[in-house]
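Understanding the architecture of this molecule
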Amino acid sequence: MSIRVHIGGQVCLPEEAKISIFDRGFLYGDSVYETIGTAYGRLFALADHLVRLERSAERIGLRVPPRADIERAVAQTVAAAGNRESRVRIILTRGAGKLDLDPAAVDDTQLVVIVFPLGAPSAEMYEKGVSVAVVSVHRNSPRAIDPAVKSGNYLNNVLALGEARRRSGAYEAILCAADGSVAEGSTSNIFIVVGGEVRTPGLDVGILDGITRSKVLEICRDNGIKVRETRFLPEDLRAAAEVFITSATRGALPVTKVDDNPVGDGKPGPVTRQVMALYDAMARAGVP
Ligand code: PDD
């Protein structure tokens, strides 16, 4: 179980990996990133993650290295780490320059790849479910740092998770949009099940276009599970028969407590379990 870093074109140990204190990723969160998990020893949906990375970079005017260079850096770092299952973080920063907010002041994209052991939730968390808390911190407005851009500026989400942990020791924070409807978790998308129908906020609410979210939507559509992208409120979340969250390193993870109240009978429900099984089958088959 080890950590390896690809930086400055080389793979090295974490303690050898250094970046300038003038790097704009450090100074301003002027960076974009992706987190990818492996499943059954292979990267899951690498191509989708690289497309989103490029889209995020384009949205903030950050020059992206050729895709083949990123793929090579990822492959080398995963191989060097040698973990059974890995979590891969790909970071692109705008680089280092003088203290000047103007993004045009620097054009020196830095590619950093960090590979960790996967660190997926425990078997008990999948069996019993986790808790979430709806927090007072709102998801960023799409007119501020657009949630669709997976930027390195996560302070809003850091504060949201801090509130959830402090208030009720909840595993994940759920943030609402400015209109009060449920948006997403601090590092996850959220789904509810109502009357057998799977529901998740649409992208128009102002959320990250989660790769796992889109795979779950695909799984539902392909397997005759009713599914709808729609706005819903925190009270709908609290009243839902089932709730689950999704992200690259967790897949679909059941939620059995919302704001200290049990969801349904307090156990992961049948639709959630079906989605988990179908997602696992998809991962086993492999997604390039
Ligand atoms: N987070 N929403 C937010 C705000 C996220 O940060 C993430 C992912 C997701 C889920 O997206 P995906 O299914 O593509 O992982 C939704 C990753 C895990 C992270 O921050 O490391």
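Residues numbered from 1 in each chain as written. Predicted model: local features only at pLDDT ≥ 70, side-chain atom pairs only at ≥ 80, totals over all residues. Heavy atoms only, no water.

Bringing the domain arrangement of the chain into the picture now. In terms of domain boundaries, the chain breaks down into domain 1 (4-117) and domain 2 (123-285). Taking the mean C-alpha position of each, domain 1 and domain 2 sit 26 Å from one another. Residue-level contacts link 22 residues of domain 1 with 21 residues of domain 2. When domain 1 packs against domain 2, the two sides together hide about 1800 Å² of surface, and 56% of this comes from carbon and sulfur. Broken down residue by residue, the surface that domain 1 buries against domain 2 is led by Y33, Y40 and F44, which jointly contribute 34%. Linking domain 1 with domain 2 are three salt bridges. With its nearest N and O atoms 3.7 Å apart, the salt bridge here joins R55 to D209. The interface formed by domain 1 and domain 2 includes 11 residue pairs in polar contact (both at pLDDT 80 or more). Among the elements of the structure, β3 (31-39) and α2 (46-59) are those that each provide at least two residues to the side of domain 1 that touches domain 2. With eight residues, the single largest contributor to the side of domain 1 that touches domain 2 is β3. The class makeup of the residues in the side of domain 1 that touches domain 2 is nine nonpolar, six polar and seven charged. (Domains from an automatic or database assignment. Contact = heavy atoms within 4.5 Å. Buried area = accessible area lost by both parts, 1.4 Å probe. Salt bridge = Lys/Arg side-chain N within 4 Å of Asp/Glu carboxyl O. Polar contact = N/O pair within 3.5 Å; in protein donor to acceptor, adjacent residues only side chain to side chain. Helix = DSSP H or I, 4+ residues; strand = E, 2+ residues; numbered from the N terminus. Nonpolar A, V, L, I, M, F, W, Y, C, P; charged D, E, K, R; others polar.)

Attention now goes to the environment of L217. Relative to the helices and strands, L217 is located in helix α6 (residues 211-222). Here L217 falls in the buried class, since its relative accessible area comes to 4%. For the pair L217 and E229, spaced 12 residues apart in the sequence, the C-alpha separation amounts to 8.9 Å. If we ignore the near neighbours within four places in the chain, the residues touching L217 are F191, T200, V227 and E229. (Buried < 20%, exposed > 50% of the residue type's maximum accessible area, 1.4 Å probe, protein only.)

What follows is about the sheet that holds β3. With antiparallel pairing, six strands are arranged side by side in an open sheet as β2-β1-β6-β5-β3-β4. This sheet does not close on itself; its edge strands, each paired only once, are β2 (10-12) and β4 (42-43). Pairing between β3 and strand β5 (residues 86-93): seven bridges, direction antiparallel. In the strand pairing of β5, T35 is matched with R89. Packed on one face of the sheet, helix α3 (residues 67-81) meets β1 (4-7), β2, β4, β5 and β6 (110-117) and runs near 30° to β6. (Pairing = 2+ DSSP bridges. Axes fitted to C-alpha atoms, helices over the stretch in contact; angles between N-to-C directions.)

Quick look at the environment of R221 now. Mapped onto the elements of the fold, R221 is located in helix α6. You can call R221 exposed: its relative accessible area is 52%. Aside from chain neighbours lying at most four places away, what touches R221 is V227 and E229.

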